[in-house]
Structures are given as structure tokens and as C-alpha cells.
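Read off the chains here:
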Amino acid sequence: MLKQRILTAAVLIPLIVLAIFKLPNSAFALLLGVFVALGFWEWAGLMGLGDSTDRAMYLMLVAPLLVGAGFLPGGLLVGITIGAAWWLIALAWVWRFNTRPVSGPPSVAMSGICGALVLAPAWMALVVLHGTETYGPRYVLFLMVLVWLADTGAYFAGRMFGKHKLAPNVSPGKTWEGVWAALVVGLGMGVVGGRLLEINVQLQPAFMSLCVITVALSIAGDLLESMFKRRAGVKDSGTLLPGHGGVLDRIDSLTAAAPVFVGGLLFLGTLVP
């Protein structure tokens, strides 16, 4: 399993970096849209839609969200704002499930709306971040590295020091020690990112805070998918990525982090002089 994870990552990471820096924004949006569509397909499975026709119908229902947002005036920014706010609700939902677990997936309608709120704003946020002159590809890569390193820090800290379970009825392996490690990584990345991205000195504390908040909400993304997988009775969202599971299993943290990070940048205003 570990060998498969390493091999898959060794292939995917260089391709992702090349796509971020070499593709024009329209092509990047299209490629990212393919991954999001795969995520919707897997989400339909977590909703309890096992039939391919039902999954395809769900995909056709949510696809206009991605296409239409690009043509509506301010559609992308509205979607990002809604997506960032949604994760506060999702966090409360996960916490409630942890205290009062129930079996079986939520209703198809509720699950379908949830999937749209998870995946569509993340796509919008990454497209906007990649395409803006002020931020661009460097910020996209920084965001992904921020989430990946925080995830890794949480995993190893949890394995070595974890004693206090974070949400045992949602994801038994996660611990509060892992959360604190992830937040420390987020703070350190905020310091490093402030320098590498040449952020105005006066705004660096705000940027560091944004990185910590982004990491905190990225954990909510992981927990929400874990909750749906637990209610669906599956270990992974899919089998597309050897050693990693499905697409959702790799981007669950990023789905929450992207709209929160980009929404924070918009809220703070111009970070780069």
C-alpha cells in the first residue's frame, strides 16, 4: 500500500505542478473541471447512487454550476463566498454527527446539495486564484503545499503522540494532537509564504492567520467526507488512484481550504504591493 501511494504521488505531483505553471487559465479550469467531475461521480456513490445512470444524471444536474458560474457576472466570486460560509455549517453538522451518530446516508436531495457546495466552490476558487494577475499560479501551488504539509504533519503527530480522539464516531484515527500539529505547520507555512510570496510586511500577520484558519477548515473537509463514507459504509470514495483511494480521498481537505483561502485573500484586499 505504501509503495503504491508513493508511486502514485511521484507521478501525479510533477504533472500537477506542470499544469499549474504551464497551462493558461482556461485550460487549467478545464483540467480541474475533469477532476471535479470525477469527484461528483464518487460523491454520487456516497449518496447511495450505485447505478451509473443515476450517477450520470447527478453529474448532469451539477455540471451547469461550473459552466454557468463562469458566464454570470460575479458568479465565481459569489460561489466562493457561499462555499467559504458553507464550511462553518458543515463543521457543525460533523460535530453533531460525532455526538449523535446515525446510520445510512442523508436524503438524496440533501446529499446532492452538499456535494455541490463541497466541490463547485473549490473549483471556482482555484480557477480565480490561478487566473488573477495579483496572485496566480504561485498562490495555487502554495495553497496545495500548505494543505498537503498540514495533512502530513497531522498524520505523523497523531501516530507518534496522539492520545485524545478528535471525532471518534467520524474518523477514529484523527486526534487533537494531530490538529495542533497541523495548525503549527499552517503557522510556519504562513511565515515562509509571507516571504516567498513577497507579501507586504504590515500584512504578513494577517496572512499567517489566514493560513492557520485555512488549515483548520481543511480538517473540516476531511471530516465531512469521512462522515459521508462512514454513513455509506465504505472505506474509500473510489479506486481511481492506487494506494490513495478515489479522487475525493485526495482532495477532501482542499475542497474546504480553497474557498476559505481565496475568500480570505479577497477579504484582506491587496496582499502583494
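Relevant structure appears above.
Please read these numbers as outputs of a predicted model, since none were measured by experiment. (Residues numbered from 1 in each chain as written. Predicted model: local features only at pLDDT ≥ 70, side-chain atom pairs only at ≥ 80, totals over all residues. Heavy atoms only, no water.)

Visitor: Quick one: what's the story with unusual backbone geometry, residue by residue and with numbers?
Guide: Non-glycine residue Glu198 carries a positive phi angle of around 55 degrees. As for its placement among the helices and strands, Glu198 is situated in the loop between α7 (176–196) and α8 (204–232). (Helix = DSSP H or I, 4+ residues; strand = E, 2+ residues; numbered from the N terminus.)

Visitor: Explain helix α2 (residues 25–46) residue by residue, including any values.
Guide: In this model α2 runs 31 Å from its N-terminal to its C-terminal C-alpha over 22 residues, within 8% of the 32 Å that 1.5 Å per residue would give. Within α2, the full set of buried residues consists of Phe28, Ala29, Leu32, Gly33, Val36, Gly39, Phe40, Glu42, Trp43, Ala44 and Leu46. Note on α2: the residue one or two positions beyond its end, Gly48, has a positive phi of about 100 degrees. (Expected span 1.5 Å × (residues − 1). Buried < 20%, exposed > 50% of the residue type's maximum accessible area, 1.4 Å probe, protein only.)

Visitor: Break down the packing of aromatic side chains for me, with residues and values.
Guide: What characterises a pair of aromatic rings is the spacing of the ring centres plus the angle enclosed by the ring planes. This model, assessed by the stated rule, comprises 11 aromatic pairs. Taken together, a centroid distance of 5.6 Å and an interplanar angle of 35 degrees make the contact between Phe142 and Phe207 tilted. Taken together, the residues span a long stretch of sequence, with Phe142 in helix α6 (residues 137–161) and Phe207 in helix α8 at a distance of 65 residues. In this pair, the class of Phe142 matches that of Phe207, namely buried. With centroids separated by 6.2 Å and ring planes inclined at 40 degrees, the aromatic side chains of Phe142 and Phe261 adopt a geometry described as tilted. In this pair, Phe142 sits in helix α6 while Phe261 sits in helix α9 (residues 247–268), placing the two residues 119 residues apart along the sequence. (Phe/Tyr/Trp six-rings, centres within 6.5 Å; stacked < 30°, edge-to-face > 60°.)

Visitor: Any details on α8? Residues and values, ideally.
Guide: Taking 1.5 Å as the rise per residue, α8 with 29 residues should run 42 Å; its terminal C-alpha atoms sit 42 Å apart, in good agreement. Directly after α8, the chain includes Gly233, whose backbone phi takes a positive value near 75 degrees.

Visitor: Which residues make up the pattern of salt bridges, and what values go with them?
Guide: Under the definition given, this model contains three salt bridges. Here Lys174 ties to Asp222 by a salt bridge, and the two come within 3.2 Å at their closest N and O atoms. Of this pair, Lys174 sits in strand β2 (residues 171–175) while Asp222 sits in helix α8; the two residues are 48 residues apart in sequence, bridging distant segments of the chain. Asp222 gets classed as buried once you look at its relative accessible area, which sits at 12%. A salt bridge links Lys229 to Asp249, with the shortest nitrogen-to-oxygen separation between them at 2.9 Å. Of this pair, Lys229 sits in helix α8 while Asp249 is found in helix α9, placing the two residues 20 residues apart along the sequence. Taken as a pair, Lys229 and Asp249 share a single burial class, namely buried. One salt-bridge network, held together by shared partners, links Glu225, Lys229 and Asp249. (Salt bridge = Lys/Arg side-chain N within 4 Å of Asp/Glu carboxyl O.)

Visitor: Can you explain the pairing of β2? Please cite residues and give values.
Guide: Where strand β1 (residues 165–167) lies against β2, two bridges are found, and the strand directions are antiparallel. By the bridge assignment, Ala167 is partnered in β2 with Ser171. (Pairing = 2+ DSSP bridges.)

Visitor: Let's hear about the nonpolar core: which residues, and what values?
Guide: In terms of nonpolar packing, the biggest core is built from 72 residues, with Trp43 and Leu224 touching the most fellow members. Of all the elements, helix α5 (residues 108–131) adds the most residues to this core, at 13 residues. In this view, Leu224 contacts Trp43, Trp86, Trp87, Ala90, Trp93, Val94, Cys114 and Val118; residues no more than four positions away in its chain are not counted. (Core = buried A, V, L, I, M, F, W, Y, C linked by side-chain atoms within 4.5 Å. Contact = heavy atoms within 4.5 Å.)

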